[in-house]
Every structure is written in C-alpha cells, then in structure tokens.
Amino acid sequence: MKQHFCIVGAGIVGLATARALAQTFPDSRITVIEKEAAVAQHQSGHNSGVLHSGVYYPPNSLKAQLTRRGYRLLLEFCDQQQIPYRLSGKLIVAQDASELPQLEKLYAQGKQNGLQCELWEPDQFHEQEPYCRGIRALWVPEAGVVDFRRVARALQQWLLDRGHQILTNTTFLRAKEYPDAVEIATSQGEMVVDGFIACAGLYADVVAQRSGIAVPARIVPFRGEYYTLVPDKQYLCRGLIYPVPDPRFPFLGVHITRGIDGEVHCGPNAVLAFAREGYRWSVVRPSELWQTLRYSGTMHLIRRYWRTGVAEVVRSLSKRWFYRSVARLLREVAPEDLQRNGSGVRAQLLLPNGQLYHDFFFKHRRRMLHVLNAPSPAATASLAIGEHIVQFFQEVLAG
Ligand SMILES: Cc1cc2nc3c(=O)[nH]c(=O)nc-3n(C[C@H](O)[C@H](O)[C@H](O)COP(=O)(O)OP(=O)(O)OC[C@H]3O[C@@H](n4cnc5c(N)ncnc54)[C@H](O)[C@@H]3O)c2cc1C
C-alpha cells in the first residue's frame, strides 16, 4: 500500500528528508507543508554558505558523523544538479598563544574525524591568505562554499519532478497520533498520514508541543549579522578565514568568507533576537520575547554569560566594534571597507539549566519525529540528516 508522509518545513532539512523518504520508499506520497510563499526563506536561505568538513565536532557526536557523510552526499548532489560550489579550504587562525591549545585540540579532533588537516606557521598560511593575521593556523582543505538556497530549490524541483507535493502558504496547526496514523491540521485543511516529520527550525519546539510532544528545552533565536567588504578590498580574502572558536558556545565567531558569488562576507555575530524571525533589532514580537525571557534557561544563560552578551550587543550596534573582530583576522582592512549586509537567525536549543545544546537532537514517538536542534552545520549535513531520519521510519514501518 502507498505510504503517505507529511513533513513540516521546506527548509533544507525538510526537503532533504523528503528526498531521502522518496528514495527509500519509492511508492510513497510525500507532502511538505511550508508557511512561507517559497522554500528556504529562513535559516536555509540566510547563512554563511559554508560547506563544513566536520573539524569542530567531537568524534562520537551526531554532528561529526552526519556532517562527514552529508558533505560527501551534498557534493554528489551538486555535481548531479550542476550547482556550483568551490572547495577553497579553510584556515582557522590563532591570534595569540592563549588560543594554541584549542587550535591543537581542533587539529587532533579533525584527524580523529578522518580529515586531512595541517598546522601551519605564518609563512605557510600567508601563501594561501597573504593578508591573514595570526601566529599559527589549522588548514582544512575539505571546506568550501555553495549557495544553500540554490540547493534547496534543486531539492524542491527533484521532489516535484517525482510527483510529490510542496504546499506553500500553509501553516501547520497541530497533529494527533493514532496507533496507525497521524492526523494533521493545517491552515488549509486536514490530512491523515502514515508518518509525520517536523523540520520547523525556529518553531521546532512549538510544532512539537502542538503535536503532544513534551519538549525538554526551548528554541532561542540568535541573530547573526553580516557585513560585506567593498569591491576594491575583496582581494584581502581568497577563501575562508575563521577565528579559533570559544568552545563554550556552538557559534564559530565572526569569520571572513569569499562566497560562491565572489563577494567577501564578514560575520555572523550572535545576539539574542526579539522575535524568532527577528532579522533586525526593530522586529519585536512581544509574546515570543516574553516566552524567551521568562524561560529558566535564558535566565541561567544571561547570568552566566552576561559579559559576552553585552559585548555582542555592542558589536551589533557599533560598526567600529564589529570592525575590530574583522581586523583581528585581516590586515589592511579599514572601517569604511565594511558595508552592512543582511542577517540570519539561528534556531538554538537551550536547556533549562542555561546550556546551549551543541549536537543535533531528534525526538520521536511511534509515527512522528521532530528535529529539535539542527543548527550549523545542518545545511551541509542535511542529506545525511534526511537518511538518519528515514532509518527511524524504516524500523517503525518494518515492525
Ligand atoms: C547566520 C547563520 C549562518 C549559518 N551558516 C551555515 C553554514 O555556513 N553552513 C552550514 O552548513 N550551516 C549554516 N547554518 C545553519 C543552517 O543554515 C541551518 O542549520 C539549516 O538551514 C537548518 O535548516 P532547517 O530546514 O532545519 O531550518 P529552516 O531553513 O529554518 O527551515 C524551517 C522551515 O520551517 C518552516 N516552518 C516553521 N514553522 C512552521 C509551521 N508552523 N508551518 C509550516 N512551516 C513552518 C519555516 O518557515 C522554515 O521554512 C547557518 C545558520 C545561520 C542562521
């Protein structure tokens, strides 16, 4: 009998999961529902466009496993679909001796994750990036850039070509699970399906709660803002230049990226957004902000990291402070070389004790699965995340 699956969210994770389902259950019918008018309107369309290789993640984590596999699957998909990408490699650069232990830890972890990576002295990394500042760098050749919005559109077309449905302008309202089916209510009507998967990004916890799933934590929105280098300064960066990340946070720090379009982007920072889809300071949703602020996890986070939080707010409001983060990595850059250029909002799972959950996280019942944490590098890992989710349904439907 034909199985019918419903997926909420036409971001890259929802679309990649739909593709994996279609490949594993070739006779199935798949309906993706999306509240926006087009695919990839949120995280999947507002990111750094970096193909991550998996150097940052502990070897036994889902992030390490799914990023390594997702990276390979994504390159294959881009080749099939003739989507341009560039493997420019990445430098992670230590600015002073205090950052060397963390850099060496990343090097060891990269090796454990099966990556080719090397520690370089300045004369070596200046051949790659002549304007890069630093005392030692980790060179990771397997990193690159791609336009994830284009990947999402190609996934959409792949699904449509095989007769599957993507219902845009359709908001998920609630789901109820029965032993053999799931009943779903949307803004456009109801449907009964055999399996239900939620890949709702910034609303992942809300969609889970509306499906009767108790969520142990909350999604908190962290905005990341970008600047672009003016055209006559774009020679300052050839590929990807990253700082050594602070291991307490899942964010990688303001980095410099030559995108697939050839433009050089600087960012993103990380500030608490006043709405889940708050792309600017002026976007405030009082009910969402109130939910974030009254959550115990937010209180613990602010208490523990208020200094970092204040510094992030200052860097967001002051171009000069943002410039300092860029100038730490690049020589010969001046404040007037930076132009503001958009932002993205990260969906970050925050535990009640104030810890930011670093790994991917899924919660399932018999016939439904919720993606509750798919932060960076979930765009790179998306095709492997899709496979991972489908394994769960294979077991359920076989049993
Ligand atoms: C600033 C930034 C930089 C990043 N850089 C990188 C990078 O360089 N490389 C990388 O690999 N990853 C990066 N990421 C992470 C990556 O973009 C995300 O992990 C990935 O896009 C998550 O995809 P998703 O499909 O889960 O979420 P989304 O793309 O946010 O999609 C979720 C979808 O669900 C829809 N939805 C929500 N609620 C409902 C509802 N009730 N009904 C219907 N639809 C609903 C939303 O409209 C949305 O389209 C970055 C993220 C950000 C924000």
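Here the structure is shown first, and the text comes after it.
Residues numbered from 1 in each chain as written. Predicted model: local features only at pLDDT ≥ 70, side-chain atom pairs only at ≥ 80, totals over all residues. Heavy atoms only, no water.

**Side note on the overall build of the protein chain**
Argument step 1. A tally of helices and strands in the protein chain yields 10 helices and 21 strands.
Argument step 2. For a compact globule of 399 residues, the expected C-alpha radius of gyration is about 21 Å, and the protein chain comes in at 21 Å, within 12% of that figure.
Argument step 3. The principal-axis extents of the C-alpha atoms in the protein chain amount to approximately 65 × 45 × 35 Å.
Argument step 4. Taking all contacts inside the protein chain whose residues are at least 6 apart in sequence as the whole, residues at least 24 apart take part in 74%.
Argument step 5. Here the protein chain has roughly 16900 Å² of accessible surface; of this, 51% comes from carbon and sulfur atoms.
Argument step 6. One finds the centroid of the 46 positive side-chain charges in the protein chain at a distance of 6 Å from the centroid of its 36 negative side-chain charges. (Helix = DSSP H or I, 4+ residues; strand = E, 2+ residues; numbered from the N terminus. Rg over C-alpha atoms; globule rule 2.2 N^0.38 Å. Contact = heavy atoms within 4.5 Å. Areas by Shrake-Rupley, 256 points an atom, 1.4 Å probe, with all protein chains shown as cover. Lys, Arg positive; Asp, Glu negative; His and termini not counted. Charge placed at Lys NZ, Arg CZ, Asp CG, Glu CD.)

**Here we look at a nonpolar patch on the surface**
Argument step 1. A grouping of Trp 290, Leu 293, Met 299, Ile 302, Trp 306, Val 310, Val 314 and Trp 321 is seen on the molecular surface, where their side chains present a nonpolar patch of about 760 Å² in accessible area.
Argument step 2. If you list the elements that add at least two residues to the nonpolar patch, you get helix H7 (286-294) and helix H8 (296-317).
Argument step 3. For the nonpolar patch, the element with the most residues is H8, which contributes 5 residues.
Argument step 4. For Met 299, the position within the fold is in helix H8.
Argument step 5. For Met 299, a relative accessible area of 33% puts it in the partly exposed group. (Patch = residues over 30% accessible without salt bridge, like charges linked within 9 Å, V, L, I, M, F, W, Y side chains within 5 Å. Salt bridge = Lys/Arg side-chain N within 4 Å of Asp/Glu carboxyl O. Buried < 20%, exposed > 50% of the residue type's maximum accessible area, 1.4 Å probe, protein only.)

**Side note on the side chain of Thr 380**
Argument step 1. Take Thr 380: it is sitting in helix H10 (residues 378-398).
Argument step 2. Of note is the side chain of Thr 380, whose polar atom sits 3.2 Å from the backbone oxygen of Val 50. (Polar contact = N/O pair within 3.5 Å; in protein donor to acceptor, adjacent residues only side chain to side chain.)

**Considering the sheet that holds strand S4 (residues 85-86)**
Argument step 1. Strand order in the open sheet formed by 3 strands is S3-S8-S4, with antiparallel pairing between adjacent strands. Where the open sheet ends on each side, the last strands, each with one partner, are strand S3 (50-51) and S4.
Argument step 2. By the bridge criterion, 2 bridges tie S3 to strand S8 (residues 144-146) in an arrangement that is antiparallel. The partner of Val 50 across the bridge, within S8, is Val 145. (Pairing = 2+ DSSP bridges.)

**Points about the sheet that holds strand S20 (residues 361-364)**
Argument step 1. Taking strand neighbours across the sheet as the criterion, the 6 strands line up as S9-S2-S1-S13-S21-S20 in an open arrangement whose pairing is mixed. Each having just a single partner strand, strand S9 (165-167) and S20 make up the two edges of the open sheet. Averaged over all pairs of adjacent strands, the angle between their axes in this sheet comes to 15 degrees, without regard to strand direction.
Argument step 2. Where S20 meets strand S21 (residues 368-373), 4 bridges bridge the pair, whose relative direction is antiparallel. Residue pairing in the sheet places Lys 363 in a bridge with His 370 of S21.
Argument step 3. Here helix H1 (residues 12-24) sits on the sheet in contact with strand S1 (4-8), strand S2 (29-33), S9 and strand S13 (195-198), set at roughly 165 degrees to S1. (Axes fitted to C-alpha atoms, helices over the stretch in contact; angles between N-to-C directions.)

**Side note on the pattern of salt bridges**
Argument step 1. Scanning all chains against the criterion turns up 15 salt bridges.
Argument step 2. A salt bridge links Glu 142 to Arg 68, with the shortest nitrogen-to-oxygen separation between them at 3.2 Å. Placement of the pair is Glu 142 in the loop between strand S7 (136-140) and S8 and Arg 68 in helix H2 (residues 62-81), with a sequence separation of 74 residues. Side by side, Glu 142 and Arg 68 carry an identical accessibility label, which is buried.

**Quick notes on the packing of aromatic side chains**
Argument step 1. Considering all chains together, one arrives at 13 aromatic pairs under this definition.
Argument step 2. Centre to centre, the rings of Phe 274 and Trp 281 are 5.3 Å apart; their planes meet at 70 degrees, and the pair counts as edge-to-face.
Argument step 3. We classify Phe 274 as partly exposed; its relative accessible area is 28%.
Argument step 4. Grouping aromatic residues by their ring pairs yields a cluster made of Phe 5, Phe 25, Phe 392 and Phe 393.
Argument step 5. It is Arg 324 that lies over the ring of Trp 321; its NZ or CZ is 4.5 Å from the centre. (Phe/Tyr/Trp six-rings, centres within 6.5 Å; stacked < 30°, edge-to-face > 60°. Lys NZ or Arg CZ within 6 Å of the ring centre and 35° of its normal.)

**A word on the pairing of strand S5 (residues 90-94)**
Argument step 1. Among the 5 residues that make up S5, 5 are buried, leaving the element largely enclosed by the rest of the structure.
Argument step 2. Because side chains alternate across S5, one face comprises the buried residues Lys 90, Ile 92 and Ala 94, and the other comprises Leu 91 and Val 93, equally buried.
Argument step 3. When S5 meets strand S15 (residues 240-243), the two strands line up parallel, connected through 4 bridges. For Ile 92, the partnering residue across the bridge sits in S15 and is Tyr 242.

**Observations concerning the environment of Glu 263**
Argument step 1. Relative to the helices and strands, Glu 263 resides in the loop between strand S16 (255-258) and strand S17 (264-267).
Argument step 2. For Glu 263, a relative accessible area of 33% gives the class partly exposed.
Argument step 3. Sequence spacing of Glu 263 and Thr 228 is 35 residues, and the spatial spacing of their C-alpha atoms is 7.2 Å.
Argument step 4. Excluding anything up to four places from it in sequence, Glu 263 contacts Thr 228, Gln 234, Thr 257, Arg 258 and Asn 341.

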